[in-house]
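Below are the chains, spelled out letter by letter.
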Amino acid sequence: MPERTVAFFEIVASASGEQARIPQMDWDQALASLATASVQERMVDKEMTLVGSVATVHEQDHLLLHRVKDATEWLSMMDWNTGEWRELEQNASRGFVDTTAISFLPFGNVVGMMPGSVSAPTQRGLETWLNELHLFPDVRLTARPVLSKAEVERLGTAHGASRIEIKIGNHKVAALRGRTGRLAKFLRLAHEAYGDINVTMIISVPRGKGRADDRQSLLDDLRDIAPVAPGAADRARARLVFAEADGAERTRLVELTEHHITAKRRVPAVDDQGNSIRILSAVDAILDVAAEHEGELRAAVEADPA
């Protein structure tokens, strides 16, 4: 029985590189409308072809997002008893797809996703599909990872930062607008000087009590950009310095963009009678993890407690 990953993302509004939370959207109504739409009305053909389907599990609608395999991909099937194999041919009226199961939680525009394979749609595919299909035409949507509050809150208890590494792509620097710290200013200046570039910045403060003020200053600048790091940076990590009661120091590596709330679950493919239960298993796994981490998820998106 394979293990698959459940990951959670927050759907937010995106404009001019900046991201903002939005009121809870009516995902139930959107899925209800989608359920009666034709295949063509549920299909988006951009860098890849994506098709949405609605699966009703436990009287609740969930989204299945499919990536249509290209007709040039080599697909074969093998009999494990005999070793015989045969090619699977696609035709104009049928095709093969990789599928991701997606559940919309009733708070904070949080979605749980479980891909059925390594080539199944990711959150970027969900973004593309939602925006190109214009399910919510008045807003452009972005799916950003839900990050554990506990990880970010370590910035508040640290005494300094000895090393930071930040990577920002040319299409995300606008998210730093309004940040006043030196890190944000350095990154904005690089883009102003060189135009559309990708910037990776590494700053390291040597050890020693004489550099404590410098480590504190670096931490202050890191705190300045931390609130927008998930939307602004492709990578943001820091080695934080904490003071022990005896005066000794310890360090801890903190990921500001990659500490997602995720979990692995075993997903049975068939029941005792041999019937496929992949989708049921995937949805059950997503909802099980969501219930287990509900408090953490609500805190991460600043939703009211249950």
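Residues numbered from 1 in each chain as written. Predicted model: local features only at pLDDT ≥ 70, side-chain atom pairs only at ≥ 80, totals over all residues. Heavy atoms only, no water.

Caption draft 1: Focus on unusual backbone geometry. A positive phi is found at His-58, a non-glycine position, where the angle reads about 55°. Along the chain, His-58 turns up in the loop between strand 4 (49-57) and strand 5 (60-68). Judged by its relative accessible area of 56%, His-58 falls in the exposed class. Within the chain, His-134 stands out as a residue other than glycine whose phi angle is a positive 55°. Its location among the elements puts His-134 in the loop between helix 2 (123-133) and strand 10 (141-145). Judged by its relative accessible area of 52%, His-134 falls in the exposed class. (Helix = DSSP H or I, 4+ residues; strand = E, 2+ residues; numbered from the N terminus. Buried < 20%, exposed > 50% of the residue type's maximum accessible area, 1.4 Å probe, protein only.)

Caption draft 2: Quick peek at the nonpolar core. In terms of nonpolar packing, the biggest core is built from 31 residues, with Ile-164, Ile-166, Leu-176, Leu-183, Leu-222 and Leu-240 touching the most fellow members. Every element with two or more residues in this core is listed here: strand 11 (160-168), helix 4 (182-194), strand 12 (199-204), helix 5 (212-225), helix 6 (229-232) and strand 13 (235-243). Core analysis: the second largest hydrophobic core is formed by 23 residues, Trp-27, Leu-130, Leu-133 and Phe-136 among them. (Core = buried A, V, L, I, M, F, W, Y, C linked by side-chain atoms within 4.5 Å.)

Caption draft 3: The pairing of strand 5, seen in detail. Direction of pairing for strand 4 relative to strand 5: antiparallel, over a ladder of eight bridges. Residue pairing in the sheet places Val-54 in a bridge with Leu-63 of strand 5. Counted along the chain from strand 4 to the antiparallel partner strand 5, the turn is two residues long, and its residue His-58 has a positive phi close to 55°. Note: strand 5 against strand 8 (residues 97-104), six bridges, orientation antiparallel. Across the sheet, the residue bridging to Arg-67 is Asp-98, located in strand 8. (Pairing = 2+ DSSP bridges.)

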